[in-house]
Protein chains: 2
Amino acid sequence: MGDPIANLVTLFARLPGVGERTATRLAFFVLGAEREYALALGDALTHIHERVRRCERCNNYGAEAICAICADPRRDALTLCVVARVPDLVAIERSGTFRGRYHVLHGLLAPLEGIGPAELPLDALVDRVRAEGVAEIIVATPLSVEGEATALYIAEALAHTSVKVTRIASGVPHGGELEFTDQVTLGRALEGRRTL
Amino acid sequence: MGDPIANLVTLFARLPGVGERTATRLAFFVLGAEREYALALGDALTHIHERVRRCERCNNYGAEAICAICADPRRDALTLCVVARVPDLVAIERSGTFRGRYHVLHGLLAPLEGIGPAELPLDALVDRVRAEGVAEIIVATPLSVEGEATALYIAEALAHTSVKVTRIASGVPHGGELEFTDQVTLGRALEGRRTL
């Protein structure tokens, strides 16, 4: 264990975006704050993995076997949105523009890192399409090399079914300046142009 | 308890400099990381207040009754540096320009917030001067209103003794925090101390 403060700093510094200096600041904040805060945060962290389950249907996080979105009868069961990670699902929920359900991959195809189709719940996605009579799959994986490859794989895996597989639009973001937009994005924005 | 993820996000968001968006990111990072990490950080936080003690002599944090600096015979026992908080001590140690010992106040005089001389270990400082035969007190409280008032109070409280009371030079910018001051500036501030 050694020095308990140094140990806490080291652990804080493993959080994303937290350097050693910030980690030190956080550790001293915890020491200076009331004891109850450290106990509450300690308890929340110690038990988070046992308290949070992956939904048996869509792999979203939740407290029950079936997550809140899958259990909500008002959600459109015929449209599934495929995302790489739960924060992406949260971002889409925050946009308030999607009323269907999800399928969370918890990763993307990355053959060089040993992540092939068997490492992701892709068979489960095909099974869901069949079992739930899904009409449309919206692939909302990132617009990166891995995200595009995963999207392509999904389209091919479902080619023999009658489900419609769509991809989220790629283009200049809201409020974006064309001058500062990269070439690939501009190319996609032109390619994906729609009639006004 | 409610939603365990929302609970963790709320607790993370109480850390300094962590907004709700960053807190959400941290919570999902912990969920995505190996279980051992959450357990280690949870344990470190749960036990930090019992594992870290305040030095009986100088109030610095440590694992024993007497902190590592007070217990180190190579440190100059005749020079005491008074700081408001432990991160300030850490910053001075990092500058490598001070070989004496410390006296940590864990606060500053702030009459409007109900913090008077009795709320700080100022009597203990006077006792130490007598008991340890201290030759010089370097007051390294911040260059803020409260820091200056506390420095002045210390000078007056020790006026009847033979100890020399000095103040770090104003190389530290007005209103600046010692914790975030670069090493060179801190070293110069110690070097350029003046008699109060």
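None of these values were measured; they are calculated from a predicted model.

Draft legend 1. Helix α6 (residues 122-132) of chain B, seen in detail. Residue and element names in this part refer to chain B. The set of residues buried in α6 consists of Leu 122, Leu 125, Val 126, Arg 128 and Val 129. Projection of α6 onto a plane perpendicular to its axis shows the buried side chains occupying an angular sector of 155 degrees, all on one side. Residues of α6 that are exposed and point more than 90 degrees away from the buried face comprise Asp 123, Arg 130 and Ala 131. Buried residues in α6 make contact with α4 (68-71), β3 (76-83), β4 (100-104), β5 (136-139) and α7 (145-157).

Draft legend 2. Region of interest: the environment of Ala38(B). Here Ala38(B) lies in helix α3 (residues 35-51). Along the chain, Ala38(B) and Ala27(B) lie 11 residues apart, while their C-alpha atoms are 10.0 Å from each other. Excluding its chain neighbours within four sequence positions, the residues that come into contact with Ala38(B) are Leu45(A), Thr46(A), Ile48(A), His49(A) and Val30(B).

Draft legend 3. Focus on the interface of chain B and chain A. If you look at the interface, chain B gives 44 residues, while chain A gives 41 residues. For the pair chain B and chain A, the summed buried area comes to about 4400 Å², and 74% of that belongs to carbon and sulfur atoms. Interface area lost by chain B to chain A is led by Leu31(B), Leu45(B) and His49(B), which between them contribute 15%. One can count four salt bridges joining chain B with chain A. With a shortest N-O distance of 3.1 Å, Arg14(A) and Glu34(B) are connected by a salt bridge. Counting across the interface, chain B meets chain A through six residue pairs in polar contact (both at pLDDT 80 or more). The set of elements that each furnish at least two residues to the side of chain B that touches chain A consists of α1 (4-12), α2 (20-32), α3 and α5 (86-95) of chain B.

Draft legend 4. Representation of the pairing of β4(B) within the structure. Residues and elements named next belong to chain B. Within β4, five of the five residues are buried, which leaves the element mostly enclosed by the surrounding structure. One ladder, built from five bridges, connects β3 with β4; its direction is parallel. Bridging from a neighbouring strand, Cys 81 pairs with Tyr 102 of β4. Note that the unit made of β3, α5 and β4 has a crossover that is right-handed.

Draft legend 5. A look at the packing of aromatic side chains. Summed over all chains, the structure comprises six aromatic pairs over all chains. On the numbers, 6.0 Å between centres and 20 degrees between planes, the contact of Phe28(A) with Tyr61(B) is stacked. Remark: Tyr61(B) occurs in strand β2 (residues 61-62) and Phe28(A) occurs in helix α2 (residues 20-32); the pair is interchain, linking two chains. An identical accessibility class is assigned to Phe28(A) and Tyr61(B); each is buried. Taken together, a centroid distance of 5.2 Å and an interplanar angle of 65 degrees make the contact between Phe98(B) and Tyr102(B) edge-to-face. Comparing Phe98(B) with Tyr102(B), the two get one shared label, buried.

Draft legend 6. Layout of the domain arrangement of chain A. If you check the domain split of chain A, you get domain 1 (4-51) and domain 2 (74-167). Put simply, the middle of domain 1 of chain A and the middle of domain 2 of chain A, counted by C-alpha atoms, are 35 Å apart.

Draft legend 7. The nonpolar core, seen in detail. Phe12(A), Phe12(B) and Ile92(B) are the most contacted members of the largest nonpolar core, which has 82 residues in total. Sequence-distant contacts of Ile92(B), that is, excluding residues within four places in its chain, are made with Cys81(B), Val83(B), Thr97(B), Phe98(B), Tyr102(B), Ala140(B), Leu178(B), Leu186(B) and Leu190(B).

Draft legend 8. Examining the sheet that holds strand β5 (residues 136-139) of chain A more closely. Residues and elements named next belong to chain A. Strand order in the open sheet made by the four strands is β4-β3-β5-β6, with parallel pairing throughout. In this open sheet, the two strands that pair with only one neighbour each are β4 (100-104) and β6 (164-167). Direction aside, neighbouring strands of the sheet carry axes that sit 25 degrees apart on average. Where β5 meets β6, four bridges bridge the pair, whose relative direction is parallel. Counterpart to Val 139 in the pairing with β6 is Arg 167. Contacts between helix α7 (residues 145-157) and the sheet are confined to β3 (76-83), β5 and β6, with β6 contributing the most and set at about 170 degrees to the helix.

What counts and how
Residues numbered from 1 in each chain as written. Chains lettered and ligands numbered in written order. Predicted model: local features only at pLDDT ≥ 70, side-chain atom pairs only at ≥ 80, totals over all residues. Heavy atoms only, no water. Buried < 20%, exposed > 50% of the residue type's maximum accessible area, 1.4 Å probe, protein only. Helix = DSSP H or I, 4+ residues; strand = E, 2+ residues; numbered from the N terminus. Arc of directions from axis to C-beta. Contact = heavy atoms within 4.5 Å. Buried area = accessible area lost by both parts, 1.4 Å probe. Salt bridge = Lys/Arg side-chain N within 4 Å of Asp/Glu carboxyl O. Polar contact = N/O pair within 3.5 Å; in protein donor to acceptor, adjacent residues only side chain to side chain. Pairing = 2+ DSSP bridges. Right-handed = clockwise from strand over helix to strand, strands pointing away. Phe/Tyr/Trp six-rings, centres within 6.5 Å; stacked < 30°, edge-to-face > 60°. Domains from an automatic or database assignment. Core = buried A, V, L, I, M, F, W, Y, C linked by side-chain atoms within 4.5 Å. Axes fitted to C-alpha atoms, helices over the stretch in contact; angles between N-to-C directions.

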